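# Geometric and topological summary
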Amino acid sequence: GIQVEQSPPDLILQEGANSTLRCNFSDSVNNLQWFHQNPWGQLINLFYIPSGTKQNGRLSATTVATERYSLLYISSSQTTDSGVYFCAVYGGATNKLIFGTGTLLAVQP
Amino acid sequence: NAGVTQTPKFRILKIGQSMTLQCTQDMNHNYMYWYRQDPGMGLKLIYYSVGAGITDKGEVPNGYNVSRSTTEDFPLRLELAAPSQTSVYFCASSYSGTGYTGELFFGEGSRLTVL
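Residue positions are counted from 1 within each chain, in the order its sequence is given. Labels follow written order: the first chain is A, the first ligand is 1, and so on. Residues qualify for local features only when their pLDDT is at least 70, as the model is predicted, and side-chain atom pairs are given and counted only at 80 or more; totals for whole chains, interfaces and linings, by contrast, use all residues. Each side-chain value is worked out from all heavy atoms of the structure, with water and hydrogens disregarded.

## A word on the environment of B:Val4
All names here are of chain B. This is how it is decided: Segments assigned H or I by DSSP are reported as helices when at least four residues long, segments assigned E as strands when at least two residues long, and all are numbered from the N terminus. Residue burial is assigned from relative accessible area. The probe radius is 1.4 Å, only protein chains are included, and a residue is buried under 20% of its type maximum, exposed over 50%, and partly exposed in between. Contact definition: two residues touch when any of their heavy atoms are within 4.5 Å.
One can find Val-4 in strand S1 (residues 4–7). When its relative accessible area of 10% is taken as the criterion, Val-4 is described as buried. Spatially, the C-alpha atoms of Val-4 and Glu-72 are 9.3 Å apart, while their sequence positions differ by 68 residues. Apart from residues no more than four positions distant in its own chain, Val-4 is found in contact with Cys-23, Thr-24, Gln-25, Met-27, Cys-91, Ser-93, Phe-105, Phe-106 and Gly-107.

Written as structure tokens, this is what we have:
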């Protein structure tokens, strides 16, 4: 099956810093989503991004499907950005969403 | 618009007991999913359904059963609970079709402890 790898596995930032999270996948995919799991465990949709670039406030994402990767950019980080960021892809012969192992982000004041 | 609603939010079971996690969505999505998330880990697919009356196994189906009698509801049944089933369970839904995979929306999760 498709393998989804995220890097870095964890990251500590000072408030106001910028960061880039990466998601690599091993095969062609039909679609890709980025989620934020906050410290209370809720999974929040960030981007639904099969290709191209999208922006939402301080966050933006780029997916290059032909090269099998996606990037999530966080600018001017805030403490509320802390949590785990998951990349998930749809691919193969099914419509099942396969999750990466996540990037644990801690933003310090 | 409630989205995806799961109940209960918390539950403690004794080994060997059975229970059903309820999931309902009001977005008229055809696809529904159950995932589990163990501490410090990602999500693993238990079962999914592409429409009423159709279900299929995911990565970790053993010890669970599902049914999909309506578009809105997708309950997950745990038979003979075991400590290995201690986890947080997430229900999700999307609108998808041939050649199209829609955005996935999650419920708030159900934390299950088996003692």
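## Remarks on the sheet that holds S1(B)
Residues and elements named next belong to chain B. We apply this condition: We treat two strands as partners when DSSP finds at least two bridges between them. Here the axes come from fitting lines to C-alpha atoms, over the contacting stretch only for helices, and the angles between their N-to-C directions go from 0 to 180 degrees.
With antiparallel pairing, the 4 strands of this open sheet are ordered in space as S1-S3-S8-S7. The open sheet is flanked by S1 and strand S7 (64–66), the only strands paired with a single partner. Neighbour-to-neighbour, the strand axes of the sheet open up by a mean angle of 20°, direction not taken into account. Where strand S3 (residues 19–25) and strand S8 (residues 76–78) come together, 3 bridges link them in antiparallel fashion. Within S8, the position partnered with Met-19 by the bridge is Leu-78.

## Details of the nonpolar core
As a reminder, the rule being used: What makes a nonpolar core is a set of buried Ala, Val, Leu, Ile, Met, Phe, Trp, Tyr and Cys residues whose side-chain atoms join them at distances within 4.5 Å.
If you look at the biggest cluster of nonpolar residues, it comprises 21 residues, and the most contacted ones within it are A:Leu32, A:Trp34, A:Phe47, A:Leu72 and A:Val89. Secondary structure elements with two or more residues in this core: strand S3 (19–25), strand S4 (29–37), strand S5 (43–48), strand S7 (59–64), strand S8 (69–74), strand S9 (83–91) and strand S11 (103–108) of chain A.

## Concerning the sheet that holds S7(A)
Whether parallel or antiparallel, the strands of a sheet pair through hydrogen bonds between backbone atoms. All names here are of chain A. Across the sheet, 5 strands lie side by side as S1-S3-S8-S7-S6; this open sheet has antiparallel pairing. Strands at the two margins of the open sheet, each flanked by one partner only, are strand S1 (4–7) and strand S6 (52–56). This sheet shows a mean twist of 15° between the axes of neighbouring strands, independent of strand direction. Looking at chain direction, S7 and S8 are connected through 6 bridges and run antiparallel. Counted as the bridge partner of Val-64 is Tyr-69 from S8.

Don't take any of this as a statement about function, it's just geometry.
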